[in-house]
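# Structure at a glance
As a plain string of letters, each chain reads:
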Amino acid sequence: EGSPLVNSSIIETDQDNNIWVSYAHSVSSMLVKFDSQGNQLCTADSLPVDSVPVSLAIDPNKNVWVCCYNTNTVDLYDSVAGQQLSSIDTGFIHPSYVALDREANVWFTHGYNFCSKYDIRTHQLSTWKFEDGLSVITEHNEPYSSEEQQQAIYENEIWAGLGIDVYNRVWVVDKVEN
């Protein structure tokens, strides 16, 4: 018996051992929550089918943050019914990796070489840019330049991962410079 779902891209578990799965496809994206026995608990019905959810992070309230590559948003979904609670949508392009720090602030990579932090208490967004060839990270709280937009749309991003360690240090993997 076949399944209507495309291959899953990301799987994360919450504190209750429930499993969130994002199915990323440009015409049939889905976000589904299963219990530890494999029973489907809910779907995020408001997730656009063309969103391409590529990364997940689960907050202390068991809600799930999702980077949606095609719709250029980072969305928060309720852990019980899968309803969208909020969205970070400030003009960034192709969010790709998401992680939460010890204060539950939302960190995500986007564009060709940007990393941002969304402060959940103040709702402020701070952004940094990795300068190619200089191995320097600079604060960058301005809209994308036209060159940065073109780079974000047409070139593969430099990021290969994002994580936050137990000391609350943010780590990004630069696949270009290793």
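This text goes with the structure placed above it.
First, a word on scope: everything that follows refers to the structure included in this document.

Rules behind the numbers
- Residues numbered from 1 in each chain as written.
- Predicted model: local features only at pLDDT ≥ 70, side-chain atom pairs only at ≥ 80, totals over all residues.
- Heavy atoms only, no water.
- Helix = DSSP H or I, 4+ residues; strand = E, 2+ residues; numbered from the N terminus.
- Rg over C-alpha atoms; globule rule 2.2 N^0.38 Å.
- Buried < 20%, exposed > 50% of the residue type's maximum accessible area, 1.4 Å probe, protein only.
- Areas by Shrake-Rupley, 256 points an atom, 1.4 Å probe, with all protein chains shown as cover.
- Lys, Arg positive; Asp, Glu negative; His and termini not counted.
- Charge placed at Lys NZ, Arg CZ, Asp CG, Glu CD.
- Pairing = 2+ DSSP bridges.
- Arc of directions from axis to C-beta.
- Contact = heavy atoms within 4.5 Å.
- Phe/Tyr/Trp six-rings, centres within 6.5 Å; stacked < 30°, edge-to-face > 60°.

## Here's the deal with the overall build of the protein chain
When you go through the protein chain residue by residue, the secondary structure sums to one helix and 15 strands. Taken over the C-alpha trace, the protein chain has a radius of gyration of 16 Å; the compact-globule value for 178 residues is 16 Å, and the two agree within 12%. The C-alpha extent of the protein chain, read off along each of the three principal axes, is 50 × 35 × 30 Å. Counting every position in the protein chain, which comprises 178 residues, the buried fraction comes to 44%. Total accessible area computed for the protein chain in this model is approximately 9,600 Å², and 47% of it derives from carbon and sulfur atoms. With 8 positive and 25 negative side-chain charges, the protein chain shows a separation of 8 Å between the mean positions of the two kinds.

## Concerning the pairing of strand β15 (residues 170-174)
Here strand β14 (residues 159-164) runs beside β15; their pairing, made up of five bridges, is antiparallel. The partner of Gly-163 across the bridge, within β15, is Trp-171. Counted along the chain from β14 to the antiparallel partner β15, the turn is five residues long, and its residue Asn-168 has a positive phi close to 70°.

## Quick look at helix α1 (residues 146-154)
Residues spaced three or four apart along an α-helix point in a common direction, a consequence of the helix completing one turn every 3.6 residues. Those residues of α1 not exposed but buried are Glu-148, Gln-151 and Ala-152. One side of α1 carries all its buried residues, which in axial view fall inside an arc of 95°. Structural note: α1 exposes Ser-146 and Tyr-154 on the side pointing more than 90 degrees away from its buried face. Summarising the contacts, the buried residues of α1 are in contact with β11 (114-118) and β12 (125-131).

## Comments concerning the packing of aromatic side chains
Under the defined criterion, the tally for this structure stands at five aromatic pairs. Ring geometry for Phe-92 against Phe-108: centres 4.9 Å apart, planes inclined by 55°, an arrangement best described as tilted. Of the two residues, Phe-92 sits in the loop between β8 (84-88) and β9 (98-100) while Phe-108 sits in strand β10 (residues 106-110), which places them 16 residues apart along the sequence. Residue classification places Phe-108 among the buried positions, given a relative accessible area of 0%. When the centroid spacing of 5.0 Å and the interplanar angle of 80° are considered together, the rings of Phe-114 and Tyr-144 count as edge-to-face. In this pair, Phe-114 is assigned in strand β11 and Tyr-144 in the loop between β13 (136-139) and α1, connecting sequence segments 30 residues apart. Residue classification places Phe-114 among the buried positions, given a relative accessible area of 2%.

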